[in-house]
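Topology and contacts: notes
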Amino acid sequence: MSGSSSGSYVVRFNLHQRVEHFITMVVFALLCLTGLPQKFYTHGWAQGLVHVFGGVDATRWIHRVCGLILAFSTVIHFGGAIAGMLSRKMGFTMVPSKKDFEDAIQQLRYYLGATDKHPQYDRYTYKEKFEYWGLVFGNVIMVITGFALFFPVQAASLLPGQIIPAAKVAHSNEGLMAFLVITVWHIFNAHLNPDVFPFDTSMFTGKVSRERYEHEHPLELARLEGRVPAEHGGAPAVHGKREVG
Ligand code: HEM
C-alpha cells in the first residue's frame, strides 16, 4: 500500500503508480526520438535517427502509435484520479493549496538566509505539484494538437483550416519544451539532486528510506506513524537511538 511506513523505509509508490510511470517514461522517450527528428529534419543526427527507425514512414507511424498510447494513458490516469477522489479513496494530494505558496516563499527565504526554518512538506512538495501540472497541461496540448495533425481532414471539417498549421507550430514547440523540461528539470530532481545522486530508485522500487522521508516529507511521515508533526508541537520523530528534528 503506498504511504505505509515499516520502520526502515516508507512505501511511497504502489505498483500501479510505478507501472504508469514506466509506460509514460518509455512512450515519452519514443515520442521525442520519433518527433524531434521530424522537427530538425535537416540535421544529420535527425536523419540518422529516422534511418534507425526504418525511414520516414516507419518513424511517423511509431510516433502516432505512441501518441495514441499517451492519449489513452492520460485518460486512464485522469479517470482513475477523479474516481479515486470522488469515492474518497484518494485525497486531493496533488491539488495546489495555500500551504504550497507559503512553502515556496519559505524555501526562498530559507535559501536567502532570512530564516533557518526549512518548510515542512506533506506527501507532495510544491515543486512536485508544479511539475505534475506542467505534465498534465503539456500532455493535453500534445494530445489535442497531435490528433489534429493525425486527422487533418477531419479536424479541418470541424474547425477553420488554419487550425492545422497552428497545431503543427504548437505541437512542435511544446514537444521541444517538454523534452527540455524533462531532460533538465526532471532528470535533475530524479538523479542529479545531491539528496538522491546518482539515481532515485523510489519510482522503480516504490520504497524510500525512513530517514530520507523524514527529511523530504515529514508531515506525511508523522501522519503515517500516527504522530503529531514536530512542526505542530508534536514530539520530534525518533530514528534509531538518536532524537531527530
Ligand atoms: C509529449 C509527447 C510528444 C512529443 C514530444 C511530440 C513531438 C513531435 C514533434 C517534435 C513533431 C514534429 C513537428 C514538426 O514537424 O515540426 C511531431 C509531429 C507529430 N506528432 Fe507528436 N509529439 C508528442 C505527442 C504526440 C501525440 C500524443 C500524438 C497523437 C495523438 C502525436 C502526433 C503527431 C503527428 C500526427 C505529427 C505529424 C507528423 C506525423 O505525421 O508523424 N504526437 N510530434
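Values in this document were obtained by computation on a predicted structure and should not be read as measured data.

1. Focus: the overall build of the protein
On a plain count of helices and strands, the protein comes out with ten helices and five strands. Along the three orthogonal principal directions, the C-alpha set of the protein runs to about 65 × 40 × 35 Å. Taking all 245 residues of the protein together, the buried fraction comes to 31%. Counting only contacts in the protein whose residues sit at least 6 apart along the sequence, the fraction spanning at least 24 positions is 58%. Surface exposure of the protein reaches about 15,200 Å², of which carbon and sulfur atoms provide 71%. Here the protein contributes 22 positive and 19 negative side-chain charges, whose respective centroids are spaced 4 Å apart.

2. Overview of the site of the ligand
In the vicinity of the ligand, 22 residues are found, and the nearest of them are Arg 60, His 63, Arg 64, His 171 and Ser 172. A distance of 2.5 Å separates an oxygen atom of the ligand from a polar side-chain atom of Arg 64. Taken together, the elements giving at least two residues each to the shell around the ligand come down to α1 (15–39), α3 (56–86), α5 (126–150) and α7 (163–192). Counting residues per element, the shell around the ligand draws most heavily on α1, at seven residues.

3. Concerning the packing of aromatic side chains
According to the stated counting rule, one finds ten aromatic pairs in the structure shown. Their ring planes at 35 degrees and their centres at 6.2 Å tell us that Trp 133 and Phe 137 sit as a pair that is tilted. Linking Trp 133 with Phe 137, this pair stays in helix α5, spanning four residues, or about one helical turn. Geometrically, the ring pair formed by Phe 147 and Phe 151 is stacked, given 6.1 Å between the ring centres and 15 degrees between the ring planes. By relative accessible area, which is 32% here, Phe 147 ends up partly exposed. An aromatic cluster is present here, built from Trp 61, Phe 147, Phe 150 and Phe 151 joined pairwise through their rings. One residue, Arg 64, lies across the ring of Trp 61, its end atom 5.1 Å from the ring centre. For the cation-ring pair, Lys 207 lies above Tyr 9, with the distance from its terminal atom to the ring centre recorded as 4.6 Å.

4. Regarding the environment of Ser 8
In this fold, Ser 8 is placed in the loop between β1 (4–5) and β2 (9–11). The class for Ser 8 is exposed, based on a relative accessible area of 51%. For Ser 8 and Lys 207, which are 199 residues apart along the polypeptide, the C-alpha to C-alpha distance reads 9.9 Å. Setting aside anything within four residues of it in sequence, one finds Ser 8 in contact with Ser 209 and Arg 210.

5. Some words on the pattern of salt bridges
Within the structure shown, the criterion is met by twelve salt bridges. Between Glu 225 and Arg 210 there is a salt bridge, with the nearest N and O atoms lying 2.8 Å from each other. You can see Glu 225 sitting in the loop between α10 (218–224) and β4 (238–239) and its partner Arg 210 sitting in helix α9 (residues 210–216), a full 15 residues away along the chain. The buried category is assigned to Arg 210, whose relative accessible area is 5%.

6. As for the confidence of the model for the protein
The share of residues in the protein with pLDDT of 70 or more is 92%, and the mean pLDDT across the chain is 90. Looking over the protein, one finds the lowest element-wise mean pLDDT in strand β5 (residues 242–243), namely 41, and the highest in helix α2 (residues 44–52), namely 97. In this model residues 240–245 is a low-confidence stretch, pLDDT under 50, and it forms seven contacts with partners more than four residues away in sequence or in other chains.

The rules behind these values
Residue numbers restart at each chain and count upward from 1, following the sequence in its written direction. Given that this is a predicted model, residues contribute local features only at a pLDDT of at least 70 and side-chain atom pairs are listed and counted only at 80 or more, while totals for whole chains, interfaces and linings are drawn from all residues. Derived side-chain values reflect all non-hydrogen atoms in the structure, with water molecules and hydrogen atoms excluded from consideration. Secondary structure is summarised from DSSP: a helix means a run of H or I of at least four residues, a strand means a run of E of at least two, and numbering begins at the N terminus for each. Buried means the residue's accessible area, taken with a 1.4 Å probe over protein chains only, is under 20% of the maximum for its type, while exposed means over 50%, and partly exposed covers the values in between. What makes two residues a contact is simply this: any of their non-hydrogen atoms within 4.5 Å. All accessibility values rest on the Shrake-Rupley procedure with a 1.4 Å probe; residue burial counts only the protein chains present in the view. Only four residue types enter the charge count: Lys and Arg as positive, Asp and Glu as negative, with His and the chain ends excluded. A charge is said to be at NZ when it belongs to Lys, at CZ for Arg, at CG for Asp and at CD for Glu. We call a residue near a molecule or strand as soon as one heavy atom of that residue lies within 4 Å of the molecule or strand. Side-chain atoms alone can form a polar contact between residues adjacent in sequence; in general such a contact is a pair of N or O atoms within 3.5 Å, and within protein one must be able to donate a hydrogen while the other accepts it. Ring geometry is summarised as follows: Phe, Tyr and Trp rings, the Trp one being its six-membered ring, pair when their centres sit within 6.5 Å, and such pairs are stacked at plane angles under 30 degrees, edge-to-face over 60 and tilted between the two. Definition used: whenever NZ (Lys) or CZ (Arg) falls within 6 Å of the ring centre and also within 35 degrees of the ring normal, the charge is taken to sit over that ring. Criterion for a salt bridge: a side-chain nitrogen of Lys or Arg within 4 Å of a carboxyl oxygen of Asp or Glu. As a per-residue measure, pLDDT tells how confident the predictor is, with possible values from 0 to 100.

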